[in-house]
Each structure stands twice: as structure tokens, then as C-alpha cells.
Number of protein chains: 2
Amino acid sequence: MSETAIHPVVLCGGSGTRLWPRSRATKPKPFLPLVGTGTLFEATLDRCPPSAGFAAPIVVTGTAHLEHVEAQWPAGVGGEVIVEPSARNTAAAIALAALRLPEDAVMLVCPSDHHIADRSAFQRAALAAAELAREGWLVSFGIEAKAPETGFGYLQRGEAIGDLGFKVARFVEKPDLDRARQFLADGGYAWNGGIFAFRVGTFLAELAAHRPAIAAQARAAVAEGHSDGSRFYPGADAFARIESESVDYAVMENTARAAMVPADMGWSDIGNWDALLVARDRDEEGNSVTGTADLVGCRNVLIETDGPRVSAIGLEDVVIVVDGDEVLVTTRAGAQLVGKLSGAVNQ
Amino acid sequence: MSETAIHPVVLCGGSGTRLWPRSRATKPKPFLPLVGTGTLFEATLDRCPPSAGFAAPIVVTGTAHLEHVEAQWPAGVGGEVIVEPSARNTAAAIALAALRLPEDAVMLVCPSDHHIADRSAFQRAALAAAELAREGWLVSFGIEAKAPETGFGYLQRGEAIGDLGFKVARFVEKPDLDRARQFLADGGYAWNGGIFAFRVGTFLAELAAHRPAIAAQARAAVAEGHSDGSRFYPGADAFARIESESVDYAVMENTARAAMVPADMGWSDIGNWDALLVARDRDEEGNSVTGTADLVGCRNVLIETDGPRVSAIGLEDVVIVVDGDEVLVTTRAGAQLVGKLSGAVNQ
């Protein structure tokens, strides 16, 4: 590992309900083979190899998902799992990881439940972001906005920093549709995909400046923690006191050193079944099938079944998911409501 | 039982694929609770009670379905099951039943897989048909045509026979859509629902006149048959020689004594999942659910599940059936193609 290696910090928190019933509380989205052959978690590790300048990963997860993380950890990769006793959002998770690394290391914070089609574009953006991070910037990936999405936060591009990226002029919360359309027309806005590059020392200093309590409690949780080799357990009492807050609120929206690198890399947060259909390889009729199915006169239909055969006739823009004791059938437009179904809420 | 009682002859043949996967070769449509609380077979027996002038039923079925017939036979009803060693269509089945009855008995031939919403209207039509049958007519129920259906045969009404019914001017095979529309506009056509009233002696004489071989072989099969009390087994060798032909082709289209009684009785042959949705009680949004389901923003959706919960969002005019290892999702318009699915064909 070179001294300038980038340390992937992979966040495996949350359970999510929007890909129910395939995704369940006991087996959430990162650990499912949703696009291609591997799981989203496996793909996240796989796109950060030593050959592209990455160090061994640090994965931050909860006790509930530890089993999945370790089962899907590739042999020989090394690295560490930080096991959180409970969920405390991203500011705390990133702080723990930072405190396990040297001050001058650069870390790349990666959600584990996104799909990135263009691996090379990701790695180029990571190198640019890492270079800005070494210069003291707190760097977000600015995902090229492809549609007026109302489910994402946006970054407004400020002045250029050399040819590596831009200052962030403004962070914008999830906009309504009119504003999202304006952002898209304006062209100076990008999606905030939750991928960040930080120099460890800079991040911890900014966290201490803007959220001193979180910084101090995270430091105490690490000081009271213990390692059993590949797993690190933060001290439970100190950890339990950490305020739950996102890194966006706690640090990014407050720091004067926010930057962004543009990233056009076939990114999707696979935020619902419709987004998954878009990310998938499809046949000539636009259908995507996983499992046994018989389609007659269907277009733009996604079928996922873990056993029973699904026979479908005459459907257009419909998603069918069979998973154990649950069957979901929704229009693509209705896919955004899946998380509100009683099955998803009460799983 | 009065001497003028009507003898129900209930035909339980065929397996059918159009309500797959709920209907399977091993448990076909008559034996399923599709509308209301009982099965179609139970409802067929139930609408022919002694109080309305009916004798104990004769049921003609195959060995494969005998178990279902006997399991669903109401206690205390009496009657006989004729067990066919193989399927030989309706001419043979009706001939066997006729030969188990006295010459002057009137029989009412009833398919066991239709739904009739208006039981009183059925019984009134049966009484009228029986009276015409006693006068020597071979009587079809002429089901009031409600739509330009291309899946049924039609009866053209001829001159009136008193105030009981009409001569049949012509039998028409399943028409194309243009002709079906003409029939509906004309008003002088009714659907041939496969319900018939015959005096036994008249039927056997007409069968002998038009299909002497079938008549002779049926007579031999009954002569060589044996009864074990409630079941009658035709002689297998003679039965195997009977030509397979429908009563429509063999007798009704050839006889000079074809008559019809009009019947407007909420009839449906439940010919596919769409027809079942129409026959069902539905909620305000037009949905009908059997089993556990969670519907959000759905209209005119039929859900049948034998176990798994079905969650449906935003669907309109869609049928969802979950049955063991098979899941069917079809548009209502596509329901007519269900029988051609590989699951239905290869069950």
C-alpha cells in the first residue's frame, strides 16, 4: 500500500423499506444481488482495488448486519469492520472510521447500497477528490443530475479549484419538482450522492469545530473500544451518548472548505424498484427477469422471484416481486409508495 | 319425489386451463369456491332442490374427479354418480344418464362449472323447459345475450310454442365479432349455455335416429355396467368404443324438435379470470380479494392468493393469482390467453 493510498470507508447502516419485500430488515439492500452478479456491498468493495490506489477498506456496520458483511467480505482483502452497537447516522460512523486511521490519511466515504455502472469514471473521480482532500478540502462527489429528482439533495457548483473540481456554493435540501426542474435547466447543480473524500485530520478538526460534542464522544468511544483483530468494537457507553446526525448537517453544510468533483458514472441509489429496472440489463421489450418467468406481450416489466414461477400477460410498466410469503405487484410509478405498505412498515 | 320431478343430470367432465393456476388438472373449476362460499359444483346441486320440483341428481364424471364429487356431495341428497372410465364428451354422458332413468322421466342437463346469480330465474326456466320436454321438444336454455361474445354458440329464436318458449330456427357456431354484434343488435339470438331439458325417451330416440352407433354403444355400456349402490360403472369395453361428440353436434343441430326457453338469470360460464371478476361481489373501487392482500390506489383488480400476502399499488384492470408454486399476473384483456401459458398447458 502506498502512503497516498485512498482508504475506503464503507457505510452499511440502515435497513430501508423501499425494495421490500426482497429487502427485509434481516437482509437489507446492500447484501442483495440486485444488479449484475454480486451484491451492492460486494460491488462497492470491488470498485476500490489496490490496483486503482485504494487501501484495505474500513466497513462501518451494526451488529445486525455483521454476519452479512463478513460472509460477503472477499478473501485476502484485509481491512477492518467497525461494529456499531446501534445506529447513530453518518457523522458518528465517519468519525469512528477517521479515528482508526492516521491523521494524514485520505478516506473515501462510500455508501454500500448504490449502483455505479462506470467503474473507471468512479475511480477517476475518486483520485481527483483525494487530491483535493489532501489540499484540505472536504469533497463531495457531485453526481451529474440526469432528471429533476426530488428525492436527492443538490450541490450548487461554485468557483473552480484548478482543474480538479469546484467549491460548493450551496447545499440544497431535497427540492420540490419546480425547483428540481430549475436546477436541471440551470446546469450548475449536481446530485449529492453521499460519497465524500476527506483528509482525516481535516475532517476531525471540522467536526470538532462544528459539532464538538459528537467529536468528543466519538473519540471517547474509540478510546474505550477494543479490537479482536479484524473487528473493532467502540465503547458502548460513550457510543450510546453520540448524537445521531448526518455528516451533511453536522459538517458539510457548515464548513467553509466544501468542494465537489463532478462525477458522471452511471450512478443510481436504486432508491426503489423503478430505479432498479432502469439500472438493469433488459431484453428488447425492456423486460428484466430474475428467476423463473413466462412473459407474454409484456413491456418494461421487472420480475423478481425467489421460487414460484411468475406468468405475466399484457403488462406494461409493472414490477412483480415474489419473496417468500410476500408478493408485490406495483406500477413503476407506484414503486415510490412501496416503503409505506403495511408489509414494509411492519416487517 | 313426484312423478313430474325434474332429474338433474350434472356433467363434471373436462379439466380446463382458463382459470389456471387456481384450477389445475387435479382440481378443476367445478370443485373450487370461485363465487360466493360454495364451489360451482355445490351451487349446481343446490339450485335443484326437491322443494323446487327436482329429483335426486345424477352426476356424470371421470375417475379422476370422483373423489371431489363425493367429498362435495351434500349429505342426504341421494342420487347416483356415473363414473366414466374416460372422457367421451356430452352426447355419451347424457346417453348414459338417460339410460339410468325411466323412459318418461324429464332430465335437466346442467354443466357444473357455470355461475347462475338468479336462482329463481333458473328454476322458472327449468319448469318451462321441463314442460316443453314433456311435450316432446328437445329444449335448450337460451341465455339472454348481454355482449357480442365470440366464445359461445348462439341460438336463433324461431316461432313461439305457446307462452313457454320458442322453436330454435338455427344453431350458430361461435361467430366472429362482426356477426356477434349483428346477433346482439338483431335481438333474436341467445347464447347456447349448454343447459338442456329432455324427456328421456325422446332424447334416446333422437340420438338413435341421428347417431345410431353412439346410442347402441351407450346402451351396451349400461347393459354391461354395474352399480355399487351410489356409483354406476359403465362397461369399460363398450364405453371405450363410443365416439366422442358433443350433444349439440350429435343431436341438437339435427333434430326437428329443437326448442329453447329464454333465460335471463345472471349466467356466466366463468370462462376466464376476467369473467370471474365480473361475477364477483366487489368493493367500491371494483376490486375483489380472496386471501390476504393490501391494495393501494387499485381499481378493478382481482386478487386470489392461497397463502402469501399480495401487496398491490396503482394497478387498474389487473388479475393476480397466487397458487402454490405459480403466480399469474395478467391484464383483464390478457385473461383470455391464460390457457395458452406454458404453465397451463403443461400442468
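Think of each chain on its own: its residues are numbered from 1, step by step along the sequence as written. Chain A is the first chain written and ligand 1 is the first ligand written, with later ones labelled in order. With the structure being a predicted model, the display of local features is reserved for residues of pLDDT at least 70 and the display and counting of side-chain atom pairs for 80 or more, all residues being used for whole-chain, interface and lining totals.

**Describing the overall build of chain A**
Piece 1. Counting secondary structure elements, chain A contains 11 helices and 19 strands.
Piece 2. Taken over C-alpha atoms, the radius of gyration is set against a globule rule of 2.2 Å times the number of residues to the power 0.38. The C-alpha radius of gyration computed for chain A amounts to 20 Å, which stays within 12% of the reference 20 Å derived for 347 residues, consistent with globular compactness.
Piece 3. Reported as C-alpha extents along the three principal axes, the dimensions of chain A are approximately 60 × 50 × 40 Å. Secondary structure counts use DSSP, requiring at least four H or I residues in a row for a helix and at least two E residues in a row for a strand, with both numbered from the N terminus.

**Section: the domain arrangement of chain A**
Residue and element names in this part refer to chain A.
Piece 1. The source of the domain bounds is an automatic or database domain assignment. Splitting chain A by domain gives domain 1 (6-268) and domain 2 (276-345).
Piece 2. One C-alpha centre belongs to domain 1, the other to domain 2; they are set 30 Å apart.
Piece 3. For every residue pair, C-beta atoms are placed from the backbone, and the pair is scored as a contact if these atoms sit within 7 Å. Each side of the interface is counted separately: domain 1 has nine residues, and domain 2 has 15 residues.
Piece 4. Gly is placed with the polar residues, together with every amino acid not listed as nonpolar (Ala, Val, Leu, Ile, Met, Phe, Trp, Tyr, Cys and Pro) or charged (Asp, Glu, Lys and Arg). Looking at the side of domain 1 that touches domain 2 residue by residue, the class counts come to four nonpolar, three polar and two charged.

**With respect to the nonpolar core**
Piece 1. Here, a nonpolar core denotes buried Ala, Val, Leu, Ile, Met, Phe, Trp, Tyr and Cys residues that are linked to one another through C-beta atoms within 7 Å. Residues are called buried when their C-beta atom has 20 or more other C-beta atoms within 10 Å, exposed when it has 12 or fewer, and partly exposed otherwise; all C-beta atoms are positioned from the backbone. Judged by nonpolar contacts, the single largest core of 236 residues is most densely connected at Ala129(A) and Ala129(B).
Piece 2. Contacts of Ala129(A), omitting those with residues within four sequence positions, involve Leu108(A), Val139(A), Phe141(A), Ala197(A) and Val261(A).

**Describing the packing of helix α6 (residues 200-210) of chain B against helix α7 (residues 212-223) of chain B**
Residues and elements named next belong to chain B.
Piece 1. Between N-to-C directions, angles cover 0 to 180 degrees, with each direction set by a line fitted to C-alpha atoms, over the stretch in contact for helices. Contact geometry for α6 and α7: axes closest at 5 Å, N-to-C directions at 125 degrees. Relative to α7, the element α6 is oriented oblique. Where α6 approaches α7, its residues Leu 204, Leu 207 and Ala 208 are matched on the opposing element by Pro 212, Ile 214 and Ala 215.
Piece 2. Residues of the contact of α6 with α7, tallied by class, amount to six nonpolar, no polar and no charged. In what follows, roughly perpendicular refers to angles from 65 to 115 degrees, roughly parallel to angles under 35, roughly antiparallel to angles over 145, and oblique to any angle outside these ranges.

**A look at helix α3 (residues 89-99) of chain A**
Piece 1. Most of α3(A) is tucked away: 10 of the 11 residues are buried.
Piece 2. Turning to α3(A), its buried residues are Asn89(A), Thr90(A), Ala91(A), Ala92(A), Ala93(A), Ile94(A), Ala95(A), Leu96(A), Ala97(A) and Ala98(A).

**Looking at unusual backbone geometry**
All names here are of chain A.
Piece 1. Trp 20 connects to Pro 21 through a cis peptide bond whose omega is 5 degrees.
Piece 2. Along the chain, Pro 21 turns up in the loop between β1 (6-12) and α1 (40-46).
Piece 3. Phi angles above zero are rare outside glycine, and Asn 300 is one such case at about 55 degrees.
Piece 4. In this fold, Asn 300 is placed in strand β16 (residues 299-305).

**Here's the deal with the relation of the copies chain B and chain A**
Piece 1. Copy-to-copy superposition: least squares on the C-alpha atoms, limited to residues that have pLDDT of at least 70 in both copies. Superposition record for chain B on chain A: RMSD 0.0 Å, screw rotation 180 degrees, translation along axis 0.0 Å. A rotation of that kind, with that shift, is consistent with a two-fold axis.
Piece 2. Counting the interface residues of chain B, we find that 100% of their copies in chain A are interface residues as well, pointing to one common contact surface.

**Here we look at the sheet that holds strand β14 (residues 288-290) of chain B**
Backbone hydrogen bonds hold the strands of a sheet together, and the pairing may be parallel or antiparallel.
Piece 1. Should DSSP find at least two bridges between two strands, the strands are taken to pair. One open sheet accounts for six strands, arranged β15(A)-β17(A)-β19(B)-β18(B)-β16(B)-β14(B); its pairing is mixed. Here the strands that pair on one side only, and so sit at the sheet edges, are β15 (293-296) of chain A together with β14 of chain B. Strand after strand, the sheet turns through a mean of 5 degrees between neighbouring axes, direction not considered.
Piece 2. Relative to strand β16 (residues 299-305) of chain B, β14(B) is paired through three bridges, and the arrangement is parallel. Within β16(B), the residue paired with Val289(B) across the bridge is Ile303(B).

**With respect to the pairing of strand β2 (residues 58-62) of chain B**
Residues and elements named next belong to chain B.
Piece 1. The buried fraction of β2 amounts to four of the five residues, a majority that puts the element mostly inside the structure.
Piece 2. Where strand β1 (residues 6-12) meets β2, four bridges bridge the pair, whose relative direction is parallel. Each bridged residue has a counterpart across the sheet, and for Leu 11 the counterpart in β2 is Val 60.
Piece 3. Where β2 lies against strand β3 (residues 80-84), five bridges are found, and the strand directions are parallel. Paired with Val 60 across the strands is Ile 82, a residue of β3.
Piece 4. Taken together, β2, helix α2 (residues 66-71) and β3 constitute a β-α-β crossover, and its handedness is right-handed. With the strands pointing away from the viewer, any crossover whose connection runs clockwise from the first strand over the helix to the second is right-handed.

**So, the environment of Ile195(A)**
Piece 1. The residue Ile195(A) is located in strand β9 (residues 189-199) in this model.
Piece 2. Discounting chain neighbours no more than four positions away, the residues touching Ile195(A) are Val109(A), Cys110(A), Pro111(A) and Phe141(A).

**Examining the interface of chain B and chain A**
Piece 1. With 27 residues of chain B at the contact, the number on the chain A side is 27 residues.
Piece 2. Counting residues per element, the ones that place at least two in the side of chain B that touches chain A are β15 (293-296), β17 (309-313), β18 (316-323), β19 (326-331) and α11 (342-345) of chain B.
Piece 3. Here the side of chain B that touches chain A gets six residues from one element, more than from any other, and that element is β19(B).
Piece 4. Relative to β19(B), strand β17 (residues 309-313) of chain A runs parallel, the two sharing five bridges. By the bridge assignment, Arg309(A) is partnered in β19(B) with Glu326(B).

**Observations concerning the pairing of strand β4 (residues 106-111) of chain B**
Residue and element names in this part refer to chain B.
Piece 1. Counting buried residues along β4, five of its six residues qualify, which places the element largely inside the surrounding structure.
Piece 2. Bridge count between β1 and β4: six bridges; the pairing is parallel. Following the sheet pairing, Val 9 is matched in β4 by Val 109.
Piece 3. Bridge count between β4 and strand β9 (residues 189-199): four bridges; the pairing is antiparallel. Residue pairing across strands places Met 107 opposite Phe 198, the latter belonging to β9.

**Comments concerning the sheet that holds β15(B)**
Piece 1. The strand order across the open sheet built from six strands is β14(A)-β16(A)-β18(A)-β19(A)-β17(B)-β15(B), with neighbouring strands paired in mixed fashion. In the strand order of this sheet, the two ends are held by β14 (288-290) of chain A together with β15 of chain B, each with one partner. Neighbour to neighbour, the strand axes of the sheet diverge by 5 degrees on average, direction disregarded.
Piece 2. Judged from the six bridges that link them, β16(A) and strand β18 (residues 316-323) of chain A form a sheet pairing that is parallel. When the bridges of β18(A) are listed, Thr305(A) appears paired with Val322(A).

**Some words on the packing of helix α3 (residues 89-99) of chain B against α7(B)**
All names here are of chain B.
Piece 1. At a minimum axis distance of 9 Å, the contact between α3 and α7 shows a crossing angle of 50 degrees. Between α3 and α7, the angle is such that the two are oblique. Classified by chirality, the crossing of α7 by α3 is right-handed. Note on element contacts: α7 touches α3 through Ile 214, Ala 215, Ala 218, Arg 219, Ala 221 and Val 222, opposite Ala 91, Ala 92, Ala 95, Leu 96 and Leu 99.
Piece 2. Classifying every residue of the contact of α3 with α7 gives 10 nonpolar, no polar and one charged. Whether a crossing is left-handed or right-handed is set by the direction in which the near helix is turned from the far one by less than a right angle, anticlockwise for left-handed and clockwise for right-handed.

**Topic: the environment of Ala117(A)**
All names here are of chain A.
Piece 1. Examined against the element boundaries, Ala 117 turns out to sit in the loop between β5 (115-116) and α4 (119-134).
Piece 2. Counting along the chain gives 151 residues from Ala 117 to Ser 268, while the straight-line C-alpha distance between them is 8.4 Å.
Piece 3. Contact partners of Ala 117, with chain neighbours within four places excluded, come to Met 265 and Gly 266.

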